[in-house]
Amino acid sequence: MTVVTRFPPSPTGFMHIGTARTGLFNWLYARRHGGKMLFRIEDTDRARHSEEAVTAIVNGLNWLGIDWDGDIVSQFAMADRHAEIALELLKSGKAYYCYCSPEELEQMREDAKKEGRITFYDRRWRDNPPSAPPEGVKPVIRIKAPMSGERVVYDKVQGEVRVASEQLDDFIILRADGTPTYMLAVVVDDHDMGVTHVIRGDDHLNNTFRQNIIYEAMGWDIPTYAHLPLILGPDGVKLSKRHGATSVEEYRDMGYLPEAMRNYLLRLGWSHGDDEIIETDQALQWFDLEGIGQSASRFDFDKLNYVNAHYMKLADNSRLVDLVSDIYQLRNINITPLHRERLLVRMDELKSRSKTLVQLADDAEFLVKSIPYDFDEKALAQLNEDGKFIVRVIRDNLSGLDDFTAEELETLCKSTADYHRDGKLGKVMMPLRAALTGSASSPSLVHAMEALGKEDVLLRLDFALSHNT
RNA sequence: GUCCCCUUCGUCUAGAGGCCUAGGACACAUCCCUUUCACGGAUGCGACACGGGUUCGACUCCCGUAGGGGACGCCA
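All values derive from a computational prediction rather than experimental measurement.

Trainee: A description of the domain arrangement of chain A should follow, citing residues and the corresponding values.
Mentor: Note on interface size: it is often stated as the accessible area lost on association of the parts. Domains assigned within chain A are domain 1 (78-228), domain 2 (315-368) and domain 3 (377-466). Here the C-alpha centre of domain 3 lies 22 Å away from the C-alpha centre of domain 2. Interface area for domain 2 against domain 3, summed over the two sides, is near 850 Å², with a carbon-plus-sulfur share of 62%. Counting across the interface, domain 2 meets domain 3 through one salt bridge. For the pair domain 2 and domain 3, the number of links is four residue pairs in polar contact (both at pLDDT 80 or more). Listing elements by their share of the side of domain 2 that touches domain 3, those giving two or more residues are α12 (337-353) and α13 (357-368).

Take a look at the structure:
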């Protein structure tokens, strides 16, 4: 039997990081077994449907490098088929019309709460209707849930999960307006689409009992289930907006690489021994349901940063130049071919120093900014009288350099330090760094100077020397 | 409130009764490297929620307690 998984997001306008992880797991599982992953939009509630929302999810998936098989299926488009099944269940006596008013239901709900029951519908229209159907009331269709015994779900992650039938009521499968509820729609679609493995969030575990009632009523095969524990915020509560970032596009904008995101998300809730760095190719060979943990995990930015730093070191330099250029574009810094060349030349060093693309952009910004630029407080402190003296000495000696190379520059700095500063190289480098970068920290200065070129270095030193500090 | 699930270092986790003096990774601390900030290297700190069983033996099995999470819609 070929494996068929599915990715069924609700069109909420963005892709939650938890949704992304679920998608990743479904994708890995399907690909690992040479199967398919289907993509279905859960828009039974058409009020929620919007094209922008679908686009946001597609973009998220594309960015993450996750693909799917076939077209994107709209659940709403299948409404007729869902109604047909509801009617079939009605005909076979496994479902029935219920004419309860919202007020009656509200009353039942209150009573149930008072008595501490999880279910509330009293099944008054199930077998012996209290009266003839009221005039002009459109009924809903409810399914007949078993009234005694125990229900059990076999879950690949949680094992056998049992619940007493009394905990399940006759839930609605078709609304009064003839549209299906989510509970009916998922089951019918999963069956029709040939889904063999349902890998989804833990929050659906309880629904599984209800869905299985429909499967059984229709005589359909129940899929294999795997319910993933949820992702919590760093403080242990459900990851939400107040934690800063919940959607994949936010992580992209914070400067994380998609391959790092995949690795991090994979390890959050799944393990393969002590392995931490697991590239996607490897994951495609290793991923299994057995490795999924049973408890909720917290999102940890430190670990994500570490993983991202790792993948940045592996990343192709010109790709990183592209990505970082996009960030500068957002900062209204115009990137010229000359800038790209400087970034590219220094990229080996740059990428080894940062944890995110945003950090890399900050770190390398001096390479692409133009005069006049600002000096931060620490830089200003370096450019005191003593500092400026050294900058001037270097500036005056620069013209005499045969080759404007890091080696030559370093030799010059060292001899300047020997002659003027007792051999203390830092006393030379710090003012020079402040003058050239406007800050007190930067990548290797002599290499940066070489990348900047003699002309630009001279201009910057003159600018710094003339700057009122 | 009721039901379901979960519980190993601060965090992510390894662990399928003796391999555990509980391993790895992130974070943290110290040291080394060093022109700054980083990177990197080394070392260190640090956990089986609690209480009962079962067993010759329990982190591993069972029960209870506590804590955390989730579900209880004509939402998905």
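Moving on, there is more to tell.
Trainee: Requested: an account of the nonpolar core, with residues and values cited.
Mentor: Tyr328, Leu343 and Leu398 are the most contacted members of the largest nonpolar core, which totals 55 residues. Sort the elements by how many residues they give to this core and α13 lands first, with seven residues. Each of domain 2 (315-368) and domain 3 (377-466) contributes no fewer than three residues to this core. Those residues within four positions of Tyr328 in sequence are excluded, and the remaining contacts are Ile333, Ile335, Leu343, Leu360, Ala361, Ala364, Glu365 and Val368. Of all hydrophobic cores here, the second largest spans 44 residues; its members include Ile66, Ile199, Tyr251 and Leu266.

Trainee: Any chance you could break down a negative patch on the surface for me, citing the residues and the numbers?
Mentor: Together, Asp402, Asp403, Glu407, Glu408 and Glu450 line one region of the surface with negative charge. Turning to its location among the elements, Asp403 is positioned in the loop between α15 (385-398) and α16 (406-420). The partly exposed category is assigned to Asp403, whose relative accessible area is 44%.

Trainee: Explain the protein's contact with RNA strand B to me, and be specific about the residues and the numbers.
Mentor: Taken together, 61 residues surround RNA strand B, and among them Ser10, Arg175, Asp274, Arg353 and Ser442 come closest. Sugar and phosphate atoms constitute 72% of the interface atoms of RNA strand B, taking the interface as everything within 4 Å of the protein. In the environment of RNA strand B, a sugar or linking oxygen lies 3.0 Å from a nitrogen or oxygen atom belonging to the backbone of Glu42. Within the side chain of Arg109, one N or O atom sits 3.3 Å away from a phosphate oxygen of RNA strand B. For the surface near RNA strand B, the secondary-structure elements that each account for two or more residues are α4 (102-115), β7 (159-164), α5 (182-192), α6 (205-218), β12 (297-298), α10 (301-314), α12 and α17 (426-437). At four residues, α10 tops the list of elements feeding residues into the surface near RNA strand B. Counted by class, the surface near RNA strand B contains 22 nonpolar, 20 polar and 19 charged residues.

Trainee: Would you mind going over the packing of aromatic side chains in detail, with residue names and values included?
Mentor: Geometrically, a pair of aromatic rings is defined through the distance of the ring centres and the angle of the planes. Enumeration over the complete set of coordinates arrives at 14 aromatic pairs. For the pair Tyr264 and Phe299, a centre-to-centre distance of 5.1 Å together with 70° between the ring planes defines the contact as edge-to-face. Placement of the pair is Tyr264 in helix α8 (residues 258-267) and Phe299 in the loop between β12 and α10, with a sequence separation of 35 residues. Owing to a relative accessible area of 4%, Tyr264 belongs among the buried residues under this scheme. Three or more aromatic residues joined by ring pairs make a cluster, and in this case those are Tyr251, Tyr256, Tyr264, Phe299 and Phe301. One Lys or Arg, Arg21, reaches over the ring of Phe25 and ends 5.6 Å from the middle of that ring. Over the aromatic face of Tyr121 sits the side chain of Arg142, whose NZ or CZ is 3.7 Å from the ring centroid.

Trainee: Quick rundown of α4? Include the residues and the values.
Mentor: At 3.6 residues per turn, the α-helix brings residues three or four places apart onto the same side. A rise of 1.5 Å per residue sets the reference length of α4, with its 14 residues, at 20 Å; its end C-alpha atoms lie 20 Å apart and thus fit the reference within 8%. Turning to α4, its buried residues number three or more, namely Leu105, Met108 and Ala112. Seen end-on, α4 carries its buried residues on one side only, within an arc spanning 60°. Along α4, the residues that are exposed and aim more than 90 degrees away from the buried face are Glu103, Lys113 and Lys114. Lining the buried residues of α4 we find β5 (140-143). Within two residues after α4, Gly116 carries a phi angle of roughly 70°, on the positive side.

Trainee: Can you explain the pattern of salt bridges? Please cite residues and give values.
Mentor: Using the criterion set out here, one finds 32 salt bridges in the structure. The partner of Asp170 in a salt bridge is Arg126, with the nearest N and O atoms 3.1 Å apart. Pair noted here: Asp170 is in the loop between β7 and β8 (172-174) and Arg126 is in the loop between α4 and β5, with a separation of 44 residues, a long-range link. Taking the relative accessible area as the measure of exposure, Asp170 reaches 0% and is therefore buried. Residue Arg126 is classed as buried on the basis of its relative accessible area, which comes to 15%. With a shortest N-O distance of 2.6 Å, Asp322 and Arg340 are connected by a salt bridge. Of the two residues, Asp322 sits in helix α11 (residues 317-330) while Arg340 sits in helix α12, which places them 18 residues apart along the sequence.

Quick notes on the rules
Residues numbered from 1 in each chain as written. Chains lettered and ligands numbered in written order. Predicted model: local features only at pLDDT ≥ 70, side-chain atom pairs only at ≥ 80, totals over all residues. Heavy atoms only, no water. Domains from an automatic or database assignment. Buried area = accessible area lost by both parts, 1.4 Å probe. Salt bridge = Lys/Arg side-chain N within 4 Å of Asp/Glu carboxyl O. Polar contact = N/O pair within 3.5 Å; in protein donor to acceptor, adjacent residues only side chain to side chain. Helix = DSSP H or I, 4+ residues; strand = E, 2+ residues; numbered from the N terminus. Core = buried A, V, L, I, M, F, W, Y, C linked by side-chain atoms within 4.5 Å. Buried < 20%, exposed > 50% of the residue type's maximum accessible area, 1.4 Å probe, protein only. Contact = heavy atoms within 4.5 Å. Patch = residues over 30% accessible without salt bridge, like charges linked within 9 Å, V, L, I, M, F, W, Y side chains within 5 Å. Areas by Shrake-Rupley, 256 points an atom, 1.4 Å probe, with all protein chains shown as cover. Lys, Arg positive; Asp, Glu negative; His and termini not counted. Charge placed at Lys NZ, Arg CZ, Asp CG, Glu CD. Near = heavy atom within 4 Å. Nonpolar A, V, L, I, M, F, W, Y, C, P; charged D, E, K, R; others polar. Phe/Tyr/Trp six-rings, centres within 6.5 Å; stacked < 30°, edge-to-face > 60°. Lys NZ or Arg CZ within 6 Å of the ring centre and 35° of its normal. Expected span 1.5 Å × (residues − 1). Arc of directions from axis to C-beta.

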